[in-house]
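Read off the chains here:
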Amino acid sequence: MAETVPRRGLDARGHIVREGSLARVPAVFRPVVAAVRDRLPDLFGTRLHSAYLYGSIPRGTARVGRSDLDLLVALHEEPTEADRAGGRALVEALDQEFPQIDGGGTLLYGRARLLSDLETYDLGFFVACLCTPLLGDDLAEHLPRYRPDGLLARETNGDLALLLPRWRERVAGTAYAEDPEEARRPVVRFMSRHLVRTAFTLVMPRWNGWSSDLHEMAEAFAGYYPQRARQLRSAAVLGYEPTGDPAVLASYVDDLGPWLVEEYTRVHGVKAPRPDQIPRRPGSTGARPGPS
């Protein structure tokens, strides 16, 4: 069932093509992007090395009033807590000002970390292939070209076992919210996306291609694991249109998640340990970013 011909998302040599560009930003979101470009230098000054968009806005698939604003900022030095607070405040202000977006987030890293050997096939891949340059010198010029192979699969999403205990705590915490069903919706959205991406990278080397579309990811996975196909297709739908159903979250942390951990470890192994062992990206995503 394995494929050998290049699929969507690869160039003629089989390398993953950078998926977004400023030219693809829909006209309605361009004022948001212009505001980001204007305000980041004021926020970080000379410490700012470069800034990037990722997610649906630079891919051209963003939906007005539904999609979030996803930013990655590289500083010349490691960010401080004050820097992180400033990044959050920036996105919160933009969210209040522009009805086109529905929330968002800012990932902050030091340049050295993004270019480190340990991060080459995780954060490095994220910057080079999933992020669109907005300001400064593009770090992708210092990173390799990437193929959809087992090394990339392991280093992007081979840490789900570290996430599951935290996910269970997060799910349990929604029960104490003023509106538990509403509190569960963003959790369902996040976990659905993360699990679909993890399932996709499980089969990515065999499928021999790249995509950030949740439905395409689920279909790629279904070709290799038909017994889990229905579950993944449902998760892809919930990644775009989440509900607050507690049964969904229970199935993720008690069934699909543990199964993916076991199968991922069997097929690709475990991601190389990080010093803090804290997942850092929205989708690997720790949190590798993906569709929004």
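Remember, it's a predicted structure, so these values are computed and weren't measured experimentally.

(A) Spotlight on the overall build of the protein chain. When helices and strands are tallied, the protein chain shows 11 helices and four strands. What you see for the protein chain is a C-alpha radius of gyration of 18 Å, in line with the 19 Å of a compact globule of 292 residues. Its C-alpha atoms give the protein chain principal-axis dimensions of roughly 50 × 50 × 40 Å. Accessible surface, the protein chain as shown: approximately 12,700 Å² in total, 53% of it carbon and sulfur. With 37 positive and 39 negative side-chain charges, the protein chain shows a spacing of 4 Å between the two charge centroids.

(B) Fine view of the environment of Tyr224. Position of Tyr224 relative to the elements: it lies in the loop between α9 (214-222) and α10 (229-240). Overall, Tyr224 belongs to the buried group, its relative accessible area being 15%. Note: C-alpha distance between Tyr224 and Trp207 (17 residues apart in sequence) is 8.9 Å. Among the polar contacts listed, one links the side chain of Tyr224 to the backbone oxygen of Arg206, at a separation of 3.2 Å.

(C) Up close: the sheet that holds strand β1 (residues 48-54). Judged by pairing direction, the sheet is mixed, and its four strands sit side by side in the order β3-β2-β1-β4 without closing on themselves. Edge positions in the sheet fall to β3 (104-110) and β4 (131-136), since each has one partner strand and no second. Taking each pair of neighbouring strands and ignoring which way they run, the sheet shows an average axis angle of 25°. Examined bridge by bridge, strand β2 (residues 69-75) and β3 share seven bridges and lie parallel to one another. Across the sheet, residue Leu69 finds its bridge partner in β3, namely Gly104. Contacts from helix α3 (residues 81-97) reach β2 and β3, with the element oriented near 155° to β3.

(D) Fine view of α9. Among all positions of α9, only Leu214, Met217, Ala218, Ala220, Phe221 and Ala222 are buried. Put simply, Asp213 is the residue that caps the front of α9, since its side-chain oxygen is 3.1 Å from the backbone nitrogen of His215.

(E) Representation of the side chain of Glu155 within the structure. In this fold, Glu155 is placed in helix α6 (residues 150-157). Polar contacts involving the side chain of Glu155 include one to the main-chain amide nitrogen of Ala272, which spans 3.1 Å. Those residues in contact with Glu155 that sit more than four places away from it in its chain are Leu118, Tyr121, Asp122, Val270, Lys271, Ala272 and Arg274.

(F) A look at the packing of helix α8 (residues 180-207) against α9. Close contact between α8 and α9 brings their axes to 8 Å; oriented N to C, the two are set at 50°. As judged from the angle between their axes, α8 and α9 are oblique. Crossing handedness for the pair α8 and α9: left-handed. Contacts from Arg193, Val196, Arg197, Ala199, Phe200, Leu202, Val203 and Trp207 in α8 reach Leu214, Glu216, Met217, Ala218, Ala220 and Phe221 in α9. Split into classes, the residues belonging to the contact of α8 with α9 amount to 11 nonpolar, no polar and three charged.

(G) Fine view of α8. Look at α8: 39 Å from first C-alpha to last across 28 residues, which is about the 40 Å you get at 1.5 Å a residue. In the structure, α8 departs most strongly from a straight axis at Thr201, where the bend amounts to approximately 35° and where the proline Pro205 lies between one and four residues downstream. Residue Asn208 follows α8 closely and has a positive phi angle near 60°.

(H) Inspection of the packing of aromatic side chains at higher detail. All told, the structure shown has 10 aromatic pairs when counted by the stated rule. Ring geometry for Phe221 against Trp259: centres 6.1 Å apart, planes inclined by 85°, an arrangement best described as edge-to-face. Here the residue Phe221 occupies a position in helix α9, and Trp259 occupies one in helix α11 (residues 246-268), the gap between them amounting to 38 residues. Residue class for Phe221 comes out buried when judged on its relative accessible area of 0%. Ring centres of Tyr225 and Trp259 lie 5.3 Å apart, and the angle between their planes is 85°; on these two criteria the pair is classed as edge-to-face. Of this pair, Tyr225 sits in the loop between α9 and α10 while Trp259 sits in helix α11; the two residues are 34 residues apart in sequence, bridging distant segments of the chain. As far as the burial class goes, Tyr225 and Trp259 line up, both buried. Through successive ring pairs, a cluster of aromatic residues spans Tyr121, Phe125, Tyr146, Phe200, Trp207 and Trp210.

Reading the values: rules and limits
- Residues numbered from 1 in each chain as written.
- Predicted model: local features only at pLDDT ≥ 70, side-chain atom pairs only at ≥ 80, totals over all residues.
- Heavy atoms only, no water.
- Helix = DSSP H or I, 4+ residues; strand = E, 2+ residues; numbered from the N terminus.
- Rg over C-alpha atoms; globule rule 2.2 N^0.38 Å.
- Areas by Shrake-Rupley, 256 points an atom, 1.4 Å probe, with all protein chains shown as cover.
- Lys, Arg positive; Asp, Glu negative; His and termini not counted.
- Charge placed at Lys NZ, Arg CZ, Asp CG, Glu CD.
- Buried < 20%, exposed > 50% of the residue type's maximum accessible area, 1.4 Å probe, protein only.
- Polar contact = N/O pair within 3.5 Å; in protein donor to acceptor, adjacent residues only side chain to side chain.
- Pairing = 2+ DSSP bridges.
- Axes fitted to C-alpha atoms, helices over the stretch in contact; angles between N-to-C directions.
- Contact = heavy atoms within 4.5 Å.
- Parallel < 35°, antiparallel > 145°, perpendicular 65-115°, else oblique.
- Left-handed = near helix turned anticlockwise from the far one by under 90°.
- Nonpolar A, V, L, I, M, F, W, Y, C, P; charged D, E, K, R; others polar.
- Expected span 1.5 Å × (residues − 1).
- Bend = angle between axes of the 7 residues up to and from the residue.
- Phe/Tyr/Trp six-rings, centres within 6.5 Å; stacked < 30°, edge-to-face > 60°.

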